[in-house]
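# Summary of structural features
Read off the chains here:
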Amino acid sequence: MPKFLTACVVAVATLLFGLPAQATAIGGRALATGPTFNGGVYAIAHVGPVVYLGGAFTSATYGGRTYPRMRLAAFDARSGALLSWAPEADGTVRALAAAGDSIYAAGDFHEVGGHTRDSLARLSPVASAVLPFRHTVTGTAYALTTGNGRLYLGGSFTDVDGKQRSNLAAFVLDTGKLDAAWRPSADDAVHALAALGNRVYVGGGFHFVDDEKGTLRLAAVHGTTGDVDPGFRAKVPAEVRAIALDPAGVYVATAGVGGRAIAYAFTGALRWQRVFDGDAAAIAVDKGVTYVGGHFDSACLTSKNGVHGACVDGSEPRYKLAAVTATGTLAPWAPQGNGVIGVRVLSVNRSTGTLEAGGDFTTIDGQDRRRFAVF
């Protein structure tokens with residue numbers, strides 16, 4: 001049996017029976033494991049040690065062989081083996097989320113696995129089957145998250161299933177139906193979502209959510225009512241591209257003239273920020289360490305930057321990837337990515353104790369890591 005099919009059997013067994021995974025420490029050099037891709041990786045989701053990837057790629061390379069993978073792929077994070085899971089999307093996959101017995105995908109596609117699916121699809125995690133969940137979205141889908149028995153969608157759209165929805169919508173997971181009651185409205189694009197408890201954090205380029213003051217670019221809304229939460233008010237200097245959460249608070253990556261990684265308390269009070277000489281597009285947090293990805297080449301020593309985001313008061317090299325301690329200090333972890341866009345997505349896989357990075361880079365520390373790397 002081919003290696004990638006054998007790996008799929010192992011992955012299915014893990015999903016069904018919960019086989020233990022061996023943990024490894026985050027940090028250090030990129031591991032020589034996992035597939036590489038011929039196009040950008042934009043989205044990552046996990047079910048145990050199985051990692052699901054979405055993006056703009058059309059093939060994956062593993063073990064010296066190249067396999068068709070039309071914008072969706074999966075691999076076993078313990079062995080690095082490419083799995084046979086391969087539903088085909090006819091457009092870029094921009095977001096993935098795992099919930100129950102399903103993988104949800106969002107993006108620019110209109111067809112997945114030969115089935116009509118407008119920007120949203122529900123997939124089996126153990127086969128390439130497209131499951132019942134069919135909706136129409138007028139616009140572009142950018143972000144997904146789950147919580148409170150719902151799948152939340154963010155993007156740049158005006159309606160879902162013919163019902164007015166301004167860049168935010170929710171679906172009831174048990175029924176797959178559009179949630180008629182959850183209707184917060186953002187006045188511009190939503191690029192990031194994250195849920196914790198009964199809060200859903202919303203980030204993007206908007207000025208207001210539900211016309212409420214103090215919701216510029218970042219807001220919290222109730223997970224079941226959709227009402228803006230007045231207990232969270234954060235000041236964000238530029239467009240939010242990604243959100244991460246942990247028990248200490250909320251973390252965002254921002255674009256703009258120079259990018260930033262910013263940590264807030266659950267009230268929205270500023271805890272710390274780090275400035276980079278290019279956009280920060282991805283963020284993840286684990287055990288108090290915040291990992292940041294983007295298309296920057298330097299981390300500024302202070303919060304000041306100038307023309308085109310250049311650091312004013314000195315800098316340290318950080319090529320597309322950086323880490324920040326719980327107190328906001330720049331950590332020594334500094335793998336060197338390449339490319340103009342660099343890193344688009346970061347995700348911590350707690351089943352295997354690894355950090356995964358996707359984007360448009362082709363090397364990490366000079367080694368072949370085309371569009372995907374594991375640390």
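Refer to the structure presented above.
Below is a summary of the structure that appears in this document.

The rules behind each value
Residues numbered from 1 in each chain as written. Predicted model: local features only at pLDDT ≥ 70, side-chain atom pairs only at ≥ 80, totals over all residues. Heavy atoms only, no water. Helix = DSSP H or I, 4+ residues; strand = E, 2+ residues; numbered from the N terminus. Rg over C-alpha atoms; globule rule 2.2 N^0.38 Å. Buried < 20%, exposed > 50% of the residue type's maximum accessible area, 1.4 Å probe, protein only. Contact = heavy atoms within 4.5 Å. Areas by Shrake-Rupley, 256 points an atom, 1.4 Å probe, with all protein chains shown as cover. Lys, Arg positive; Asp, Glu negative; His and termini not counted. Charge placed at Lys NZ, Arg CZ, Asp CG, Glu CD. Salt bridge = Lys/Arg side-chain N within 4 Å of Asp/Glu carboxyl O. Core = buried A, V, L, I, M, F, W, Y, C linked by side-chain atoms within 4.5 Å. Polar contact = N/O pair within 3.5 Å; in protein donor to acceptor, adjacent residues only side chain to side chain. Disulfide = S-S within 2.5 Å. Phe/Tyr/Trp six-rings, centres within 6.5 Å; stacked < 30°, edge-to-face > 60°. Pairing = 2+ DSSP bridges. Axes fitted to C-alpha atoms, helices over the stretch in contact; angles between N-to-C directions.

Along its length, the chain carries one helix and 33 strands. Against the 2.2 N^0.38 benchmark of 21 Å for 375 residues, the chain shows a C-alpha radius of gyration of 20 Å, consistent with a compact globule. The principal-axis extent of the C-alpha atoms belonging to the chain is close to 55 × 50 × 35 Å. A burial count over the chain gives 55% of its 375 residues as buried. A fraction of 43% describes how many contacts in the chain between residues 6 or more apart in sequence connect residues 24 or more apart. Summing over all exposed atoms, the chain offers an accessible surface of approximately 14700 Å²; the carbon and sulfur share of this is 52%. Within the chain, the 30 negative side-chain charges are centred at a point lying 4 Å from the centre of the 33 positive side-chain charges.

Pairs can form between side chains of opposite charge once their charged atoms are near each other. Counting across every chain of the model gives 12 salt bridges. In this structure, Arg 150 and Asp 179 form a salt bridge, with 2.6 Å as the shortest nitrogen-oxygen distance. Of this pair, Arg 150 sits in strand β14 (residues 150-160) while Asp 179 sits in the loop between β16 (168-172) and β17 (190-196), placing them 29 residues apart in sequence. For Asp 179, a relative accessible area of 6% puts it in the buried group. As a salt-bridge pair, Asp 229 and Arg 199 come within 2.7 Å of each other at their nearest N and O atoms. You can see Asp 229 sitting in the loop between β19 (218-222) and β20 (240-246) and its partner Arg 199 sitting in strand β18 (residues 199-204), a full 30 residues away along the chain. Grouping residues by exposure puts Asp 229 and Arg 199 together as buried.

Our focus in this paragraph is the nonpolar core. In this structure, Tyr 52, Leu 72, Val 93, Leu 96, Phe 109, Val 112 and Leu 123 are the most contacted members of the largest nonpolar core, which totals 19 residues. Element by element, the count of residues in this core is highest for strand β2 (residues 41-47), at three residues. Beyond its immediate stretch of four places on either side in the chain, Val 93 contacts Tyr 42, Gly 54, Gly 55, Arg 71, Leu 72, Ala 105, Ala 106, Gly 107 and Phe 109.

Another point: the side chain of Arg 260. By the element assignment, Arg 260 lies in strand β22 (residues 260-264). The charged side chain of Arg 260 is buried without a salt bridge, its nearest counter-charge being Asp 279 at 9.9 Å. Within polar-contact distance, the side chain of Arg 260 engages the side chain of Gln 273 at 2.7 Å. Non-local contacts of Arg 260, meaning those with residues more than four positions away in its chain, are made with Pro 237, Val 252, Ala 253, Thr 254, Gln 273, Arg 274, Val 275, Phe 276, Ala 280, Ser 303 and Asn 305.

It is worth spelling out the state of the cysteines at this point. According to the stated counting rule, one finds one disulfide in the structure shown. One disulfide in the model links Cys 300 with Cys 311; its S-S distance is 2.0 Å. Taking the sign of the S-S torsion, about -80° here, the bridge from Cys 300 to Cys 311 comes out left-handed. Placement of the pair is Cys 300 in strand β26 (residues 298-300) and Cys 311 in the loop between β26 and β27 (315-317), with a sequence separation of 11 residues. The exposure class of Cys 300 is buried, given its relative accessible area of 0%.

What follows concerns unusual backbone geometry. Unlike most non-glycine residues, Ser 119 shows phi in positive territory, near 75°. Examined against the element boundaries, Ser 119 turns out to sit in the loop between β10 (115-116) and β11 (120-123). We note that Asn 167 has phi near 70°; this positive angle belongs to a residue other than glycine. Within the fold, Asn 167 resides in the loop between β15 (163-164) and β16.

Turning to the packing of aromatic side chains, a few remarks are in order. Any pair of aromatic rings gets described here by the distance separating the centres and the angle formed by the planes. Per the counting criterion, the structure on display carries 12 aromatic pairs. Residues Phe 75 and Phe 372 carry aromatic rings whose centres are separated by 5.3 Å and whose planes lie at 75° to one another, so their mutual orientation is edge-to-face. In this pair, Phe 75 sits in strand β6 (residues 72-76) while Phe 372 sits in strand β33 (residues 372-374), placing the two residues 297 residues apart along the sequence. For Phe 75, a relative accessible area of 1% corresponds to the buried category. Judged by its relative accessible area of 2%, Phe 372 is buried. When the centroid spacing of 6.3 Å and the interplanar angle of 55° are considered together, the rings of Tyr 251 and Trp 272 count as tilted. With a gap of 21 residues between them, Tyr 251 in strand β21 (residues 249-254) and Trp 272 in strand β23 (residues 270-275) connect regions that are remote in the sequence. Judged by relative accessible area, Trp 272 falls into the buried class, the value being 7%.

By definition, the strands of a sheet pair up through backbone hydrogen bonds, in either a parallel or an antiparallel sense. Strand order in the open sheet formed by three strands is β2-β3-β6, with antiparallel pairing between adjacent strands. Edge positions in the sheet fall to β2 and β6, since each of these pairs with one other strand and no more. Sheet twist, expressed as the mean angle between neighbouring strand axes with direction ignored, is 25°.

In this section: the sheet that holds strand β28 (residues 321-324). Pairing in this open sheet of three strands is antiparallel, and the strands run β24-β25-β28 from one edge to the other. Each edge of the sheet is formed by a strand with only one pairing partner; in this case those strands are β24 (280-286) and β28. Taking the axes of each pair of neighbouring strands and ignoring which way they run, one obtains an average angle of 20° across the sheet. Alignment of β24 against strand β25 (residues 289-294), held across six bridges, turns out to be antiparallel. If you follow Ala 280 over to β25, its bridge partner there is Gly 294.

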